[in-house]
Structures are given as C-alpha cells and as structure tokens.
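# Architecture and fold: a report
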Amino acid sequence: MIRLVWCLVVLGMLSFGCKSSAPTEPPAVEQPAPLREVASFPVGVALQARRLSSAPHTRAAARTFSSLTAEYEMKMRPLSSGQGVYNWEAADDLVSWARAQGMQIHGHALLWHESVPAWVENFGGSDHEFEEAIKEYITTVVERYKDDVVSWDVVNEAFDNNSGALRNSVFQKRMGDDYLARVFQYARDADPDVLLFYNDYGATYDANKRRSILRMVDDFQSRGIPIDGVGLQAHVTYTFPPLTSIQAMMDSIVVRGLKVHLSELDVRVNPNGDLTTLTPARSQAQKERVRNIVTAFMALPQEHRFGITMWGLIDPESWLIEFWGNPEWPLLFDANVQEKPAYDGFLEALQGR
Ligand code: G3I
C-alpha cells in the first residue's frame, strides 16, 4: 500500500514539475481574418514567380488573396524573346499556383511601352507586318490562358503624363493613333469572354490624362470597340491624391457602365524621405488611408467593383524602394510576412467598421 501511495506522490510531483518547468508559450498572436473571406469582391496581390519558392510568401498570399496578377512574367518582354518565340514557364508556374489556391488571375499586360522586347522595338518588316506580328502575339497569349485568366490589361499606360497625349510608343509609331482600338478587338477576337481593361496611373490627379482615358472609353463605346473596365493603378501616398479625386475618377468609370479595378495599390508613407523606420504614427496614417480608399471602393455598385490588387506582398520587396530610392513600407505585410495595421485598415473597411 505504502509503495502505491509513494508512486502516486512521485507521479504527482513529476506531473507538477513537468507543468511548472515547461516553458510558457507566448500567447499565440491571433491572425486577422483573411481578406478574401470577408471581401465581396476579388482582393488581389501581384507576385513574381520567384516568390513561389518561399513558403512564407505563398502561405500568406494564398490565405489572404483571391486574385493574382503576375508582377512581371506575363508582360511582353519576359514572355516573348523573339517573333513567334514564347517563354511560358514562369507565367505558367504563376497560373498553376494561383489556380491551385482557387485564386482568379488577372493578366498584366499585353502591350506596355516599358516592356517591349527587342524583336518588337527593332522590327524590320513593314508596318503591316508589324501589326500582324502584334496581332499574332496577342492572339497566342490570350488563347493560351483563356481558361485561366478572367481579365487582361490589354494596354498599359498609353497616354503621356501632363499632356495626356498618346505616347509615341513603338505601337503608336508602327500602327498609328488608332492602335488601341484594334488591339482591344484582337484580344476580344481571341477570347469572347475575357474582361478587357485599359490600365494606367495618374488618372486621379492628372486632368489631361484623365480626360484622354475617358475620351478613349467614350470613343470605344461609340464605335462598339470592346472594353469592360479601367484599371486605376492607385500608387498613392498616405496623403495624396485626395480621396475625393479617387472617388471622382471611379465614378467617371462607373457612369460609363465599366468596371473599376484598383489594380496596383500601394501606399507610400515616406514620400519626402523623412523616415528611416516606419513610425507608429505613420503606420496609423497608412492604416486610415487604406481604410478610406477601400471604403470608397466599397461604395461603388457591386457590378462595377472588379477588385483591388495590392502591388506586392511584403514591404521590402516593393518596386517603390528602388524606384524612389527612399526606405518605404507601402504594403499590407511587413518584412516578417506579418500583417500590419494597414492590413487591419483594409479589413475594417471590408467589415464596414
Ligand atoms: O527576373 C529578371 C532576372 O532574371 C534578371 O536577371 C534581372 C536583371 O535584368 O531582371 C529581372 O527582371 C526584373 C523584374 O522586375 C523581376 O524582378 C526586371 O529587370 C525589372 O524591370 C522588373 O521590374 C518590374 C517593372 O514593372 C517592369 O516590368 C517591377 O517588378 C514591377 O513592380 C513593375 O510594375 C509596374 C507595372 O507593371 C505597371 N505599372 C507600374 C509598375 C511599377 O513600375
């Protein structure tokens, strides 16, 4: 009997000792709800194919977002290294991954003057042969992804800043001023169901560019040229442009019966280079800015809300850092792939808070 009591005492001490000496786990930080589960429209992220090998990136992106844009690999320069020569691998990897996560895919971008391969820039044939080559490119790419890609930026950034004039891109030079209408038609002919977007920046603060974009839309609609939406890139700062001007441009798209895509949202918090770290105050301001923009988007009629796409996943990988040369923290996730207050701002807007 004594032996049994002794064993029970020892067991009690051991279990108590195990309990008392076990390291106390810090309370698990409760993750905020996934945006994709709360949003009534696609919430997207731009990723490069090389991020697919990073588990933290793919875990956070798949949990949070319901749409994917290729940040780079579905543009003309990476996709086509020669006339009739295509490098599908990276784009296919992104498409396969996105489909496996149940994400929709936004194609970016069929024609962009900043992503023109040498074979196009230095095309030696006639203007007619040039247009045939562009038509062939658009047809090949759109047909390849017609079961995967729900929407395409058919043309990106066709109008100059300030003047709003049509850029003298190789497309304008070789195909003439009306090239936009023809390439939108080529994309439509390749896929009768895909949504066709015009995508640009600056339309919310550059009056001439805004006017040129809306004139193009009006012209397309008067001639029966297919267009389904306008992408406002929305590379904003925590204070500029005014929310009212963002709302005005979104409304101008809606009244024309088109869909609005905030297609490349990032929110610079260090536009004047006064920060070396992200301060709590600036982080809070960023949160409010994100919440206000998402709230304004939510106010649009449902059928006009194509989606909001963040132009990148984590702060340190934003294009803005190299582009502006300042430290920046413009996205929803920090360097440790943790949700920031800006994420909470997005979520609170989705929840109507
Ligand atoms: O992947 C290649 C690598 O193999 C090569 O060694 C290296 C050296 O040239 O280049 C790498 O490609 C880079 C690519 O990003 C992927 O990192 C390109 O040089 C670089 O130019 C490219 O920058 C992208 C840029 O568009 C041009 O395509 C940025 O990531 C991307 O954020 C930026 O996004 C644009 C939108 O498409 C349109 N709106 C403006 C926005 C910002 O410029």
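Residues numbered from 1 in each chain as written. Predicted model: local features only at pLDDT ≥ 70, side-chain atom pairs only at ≥ 80, totals over all residues. Heavy atoms only, no water.

We now examine the site of the ligand. Near the ligand lie 14 residues; those nearest to it are Glu71, Lys75, His108, Glu264 and Trp311. Glu157 is positioned with one of its side-chain polar atoms (N or O) 3.1 Å from a nitrogen atom of the ligand. Gln233 is positioned such that a nitrogen or oxygen atom in its side chain is 3.2 Å from a nitrogen atom of the ligand. Relative to its unbound accessible surface of 780 Å², the ligand loses 55% to contact with the protein. Classifying every residue of the shell around the ligand gives four nonpolar, five polar and five charged. (Near = heavy atom within 4 Å. Polar contact = N/O pair within 3.5 Å; in protein donor to acceptor, adjacent residues only side chain to side chain. Areas by Shrake-Rupley, 256 points an atom, 1.4 Å probe, with all protein chains shown as cover. Nonpolar A, V, L, I, M, F, W, Y, C, P; charged D, E, K, R; others polar.)

So, about the pattern of salt bridges. Considering all chains together, one arrives at 18 salt bridges under this definition. For Asp200, the salt bridge is made with Lys209, and the minimal N-O distance between the two is 3.3 Å. Each member of the pair, Asp200 as well as Lys209, is classed as buried. Arg291 serves as the salt-bridge partner of Glu288, at 2.7 Å between the closest nitrogen and oxygen. With Glu288 and Arg291 both in helix H12 (residues 280–298) and three residues apart, this pair spans about one turn of that helix. Beyond isolated ion pairs, a larger network of salt bridges with shared partners links Lys287, Glu288, Arg291 and Glu348. (Salt bridge = Lys/Arg side-chain N within 4 Å of Asp/Glu carboxyl O. Buried < 20%, exposed > 50% of the residue type's maximum accessible area, 1.4 Å probe, protein only. Helix = DSSP H or I, 4+ residues; strand = E, 2+ residues; numbered from the N terminus.)

Further remarks concern unusual backbone geometry. For the bond running from His108 to Ala109, omega is -5 degrees, close enough to zero to count as cis. Examined against the element boundaries, Ala109 turns out to sit in strand S3 (residues 104–112). Note that the residue after Phe240, namely Pro241, is joined by a cis bond; omega there is -5 degrees. Checked against the element boundaries, Pro241 lands in the loop between strand S7 (235–237) and helix H11 (243–254). Notably, Ala234 is not glycine yet its phi reads approximately 65 degrees, a positive angle. Inspection of the secondary structure assignment puts Ala234 in the loop between strand S6 (229–232) and S7. Even without being a glycine, Val337 presents a positive backbone phi close to 55 degrees. As for its placement among the helices and strands, Val337 is situated in the loop between helix H13 (319–324) and helix H14 (341–350). For Val337, a relative accessible area of 14% gives the class buried.

Quick look at the packing of aromatic side chains now. Evaluation of the coordinates by the stated rule reveals 14 aromatic pairs. Three or more aromatic residues link up through ring pairs in this structure, and these residues are Tyr86, Trp88, Tyr137 and Tyr145. Over the aromatic face of Trp324 sits the side chain of Arg268, whose NZ or CZ is 4.0 Å from the ring centroid. (Phe/Tyr/Trp six-rings, centres within 6.5 Å; stacked < 30°, edge-to-face > 60°. Lys NZ or Arg CZ within 6 Å of the ring centre and 35° of its normal.)

Here helix H7 (residues 127–144) spans 26 Å end to end across 18 residues, near enough to the 26 Å set by a 1.5 Å rise per residue. Within the span of H7, buried status applies to Phe130, Glu131, Ala133, Ile134, Tyr137, Ile138, Thr139, Thr140, Val141 and Val142. (Expected span 1.5 Å × (residues − 1).)

Another point: the packing of H7 against helix H9 (residues 179–190). Interaxial distance between H7 and H9 falls to 8 Å at its minimum, and their mutual angle equals 40 degrees. The angle between H7 and H9 falls in the class oblique. Once H7 is placed against H9, the crossing between them reads as right-handed. Counting all contacts with H7, which are made through Glu131, Ile134, Lys135, Ile138, Thr139, Val142 and Glu143, the residues of H9 involved are Arg182, Val183, Tyr186, Ala187 and Ala190. Of the residues contributing to the contact of H7 with H9, the split by class is seven nonpolar, one polar and four charged. (Axes fitted to C-alpha atoms, helices over the stretch in contact; angles between N-to-C directions. Parallel < 35°, antiparallel > 145°, perpendicular 65-115°, else oblique. Left-handed = near helix turned anticlockwise from the far one by under 90°. Contact = heavy atoms within 4.5 Å.)

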